[in-house]
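The lines below spell out each chain.
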Amino acid sequence: MIEKAVIKKIKEIIPSAGVLVGDEEKICYSYDASIKEALPDIIVKADTADEISSVIKIASEHNIPIIPRGAGTGFAGGTVPVRGGIVISVAGMNKIIEIDRKNLMAVVEPGVITGTLQKEVESLGLFYPPDPSSLDISTIGGNVATCAGGPRGVKYGVTKDYVMGLDAILPDGSLLSTGGKNIKSVAGYNLTSLMVGSEGTLALINKIILKLLPLPETTSTLFVSFKSISGATKSINDILLSGTTPSTIEFMDRFTIEIIRDHIDIEIGKDIGATLLIELDGDVEEVRRGTDKVKDILLRGGATDIVTAKDEIERKHLWDARRGISPTLRKLKPTKLNQDIAVPRASLPEMIDQLHSIAEKYNILIVNFGHAGDGNIHVNVMTDSSNIEEMGRATKAVDEIFRQTIELGGTISGEHGIGISKKDYLEMEVGKAGISVMRKIKGAIDPKNIMNPGKVLPDL
Ligand SMILES: Cc1cc2nc3c(=O)[nH]c(=O)nc-3n(C[C@H](O)[C@H](O)[C@H](O)COP(=O)(O)OP(=O)(O)OC[C@H]3O[C@@H](n4cnc5c(N)ncnc54)[C@H](O)[C@@H]3O)c2cc1C
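The residue numbering used here restarts from 1 in each chain and proceeds along that chain's sequence as written. Totals for whole chains, interfaces and linings use all residues, but because this is a predicted model, local features are given only for residues with pLDDT of at least 70 and pairs of side-chain atoms are given and counted only at 80 or more. The side-chain quantities take in all heavy atoms of the structure and omit both hydrogens and water.

What exactly am I supposed to notice about the sheet that holds strand 4 (residues 86-89) here?
To summarise the sheet geometry, strands pair through backbone hydrogen bonds and adopt either a parallel or an antiparallel arrangement. A pair of strands counts as paired when DSSP detects no fewer than two bridges linking them. Strands are runs of DSSP state E lasting at least two residues, helices are runs of H or I lasting at least four, and both sets are numbered from the N terminus onward. Pairing within the open sheet is mixed, and its four strands lie in the order 1-2-4-3. Two strands close off the open sheet at either side, each with one partner strand: strand 1 (19-20) and strand 3 (66-69). Here two bridges tie strand 1 to strand 2 (residues 42-45), and the two strands are oriented antiparallel to one another. The partner of Val 19 across the bridge, within strand 2, is Val 44. Throughout, a residue-residue contact means that at least one pair of heavy atoms, one from each residue, lies within 4.5 Å. Between the N-to-C directions of two axes lies an angle of 0 to 180 degrees, each axis being a line fitted to C-alpha atoms and, for a helix, fitted only over the stretch in contact. Against the sheet, helix 1 (residues 4-13) contacts strand 1, strand 2 and strand 4, and its axis sits at roughly 10 degrees relative to strand 2. Across the sheet, helix 3 (residues 49-61) touches strand 2, strand 3 and strand 4, and the angle it forms with strand 4 is around 170 degrees.

What is the right way to look at the site of the ligand in this model?
Being near a molecule or strand, for a residue, comes down to having at least one heavy atom within 4 Å of it. In the vicinity of the ligand there are 34 residues, among which Pro 68, Gly 70, Thr 73, Ser 134 and Thr 139 approach most closely. We define a polar contact as two N or O atoms separated by no more than 3.5 Å, with the added condition that, inside protein, one atom must be a possible hydrogen donor and the other a possible acceptor, whereas residues neighbouring each other in sequence contribute only through side-chain atom pairs. Between the ligand and Asn 452, the relevant distance is 3.2 Å, taken from an oxygen atom to a side-chain nitrogen or oxygen of the residue. Working definition of accessibility: Shrake-Rupley area with a 1.4 Å probe, residue cover restricted to the visible protein chains. Bound to the protein, the ligand loses 95% of the 980 Å² it would expose on its own. Elements with a contribution of two residues or more to the shell around the ligand: strand 3, helix 5 (140-146) and strand 10 (204-211). Of the residues forming the shell around the ligand, the biggest block, five residues, is contributed by helix 5. Here the shell around the ligand is composed, by residue class, of 12 nonpolar, 19 polar and three charged. An automatic or database domain assignment provides the domain bounds reported here. Each of domain 1 (4-89) and domain 2 (97-214) gives at least three residues to the shell around the ligand. Residues are grouped as follows: nonpolar covers Ala, Val, Leu, Ile, Met, Phe, Trp, Tyr, Cys and Pro; charged covers Asp, Glu, Lys and Arg; every other residue, Gly included, is treated as polar.

The following block contains the structure:
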């Protein structure tokens, strides 16, 4: 509970419409795209860095948790106020401050929607590649705080590869400015990198400098069917060894295919075990040559059908179906335990075999799809939280999935972050020493533990 006098102080800083205290309003900020929920004490809709700084100063004085929030699309429970406190929503701070063509950089506020920035820079012949499937709703601030990835990661990398610098409000209310527009800089510790992926546990990011690229001239999109998963995974490695790097190699298993079957015009045979959605981009000649080469490899690898999108409408249609998978999964079962493991690419076939064995062992439905080109699989353990016995089996399956992932040299989170969902598994990956160093960093920057407490690091 926050004292009335503290709320009054906050209301003096933030125009009253920006401070929400009603029960219905608290419910709206109690959840994200994970299955966790907890109510905040109040919500502050910030418009400026000064407002954020003043509110954080008050929170620090009174030891009140601060939960930074973008669009609330996180899958790890990162914005869920597990210890109550003040949710600071920066969704309204959505200005593209500058698009600097000469330096190929953009400067943005944290609430800018990812897809809005992409459209804006593309209208100027520029390109911002990171493309989480949530791009129509997620914010750049949230993307930076979780180091979001997306299908184009295989060629273009993820959010961290584009963040050149940022401004962030620290837990004592002071402003930290890191990096800048210099392509090279080794001045001191890399604080920009420390903030990227810190999930709101170190500071609230209020401005970001992003690297841009020139917009590729053209793109070709292929939808490829395979009878077996092994044919698909072997072809992925063969393509990447060929010297042609597609911008995207997305993988879907047969359960995922059943979900999208009714949403796409392409005829997919009933006996298909896996499909790939592959894109190549670049100049016209490079894409033509690359597409021919990739098609050849796919046919040699056992592809039974390759459909090429004829135009932008067909391409968009395929991507709408791909991006719709995650929300549509709940048609299969009401509860989705969504994991985003990644393994070194060569271990992908083995990991997928392991996932099938785990599904059989625990008699549970596991649906797999994702960014196979960078070894990142979205493993969806489908269950029903009201069925305690089944939830128990599902939880054991998740446990075993993480163990097998680590055994193969993989990571428990390729892009969604740790939040509250995976914090108990973090030590399994980073070890005792890793946890100890992370605790020291957290303690040095946030000694009162007010920034998004209860997230990332396991409870003591
Ligand atoms: C349908 C769907 C598809 C998705 N696909 C992908 C995908 O392909 N790739 C992927 O990586 N993710 C994906 N996600 C997950 C999610 O969209 C990403 O994690 C995204 O980056 C979160 O952005 P957000 O604005 O919603 O952040 P939020 O959910 O609001 O916050 C996420 C975390 O970042 C912190 N945070 C937010 N803003 C700030 C800030 N300004 N300063 C400091 N900390 C902050 C929060 O405290 C929280 O810990 C998907 C989600 C959905 C629902």
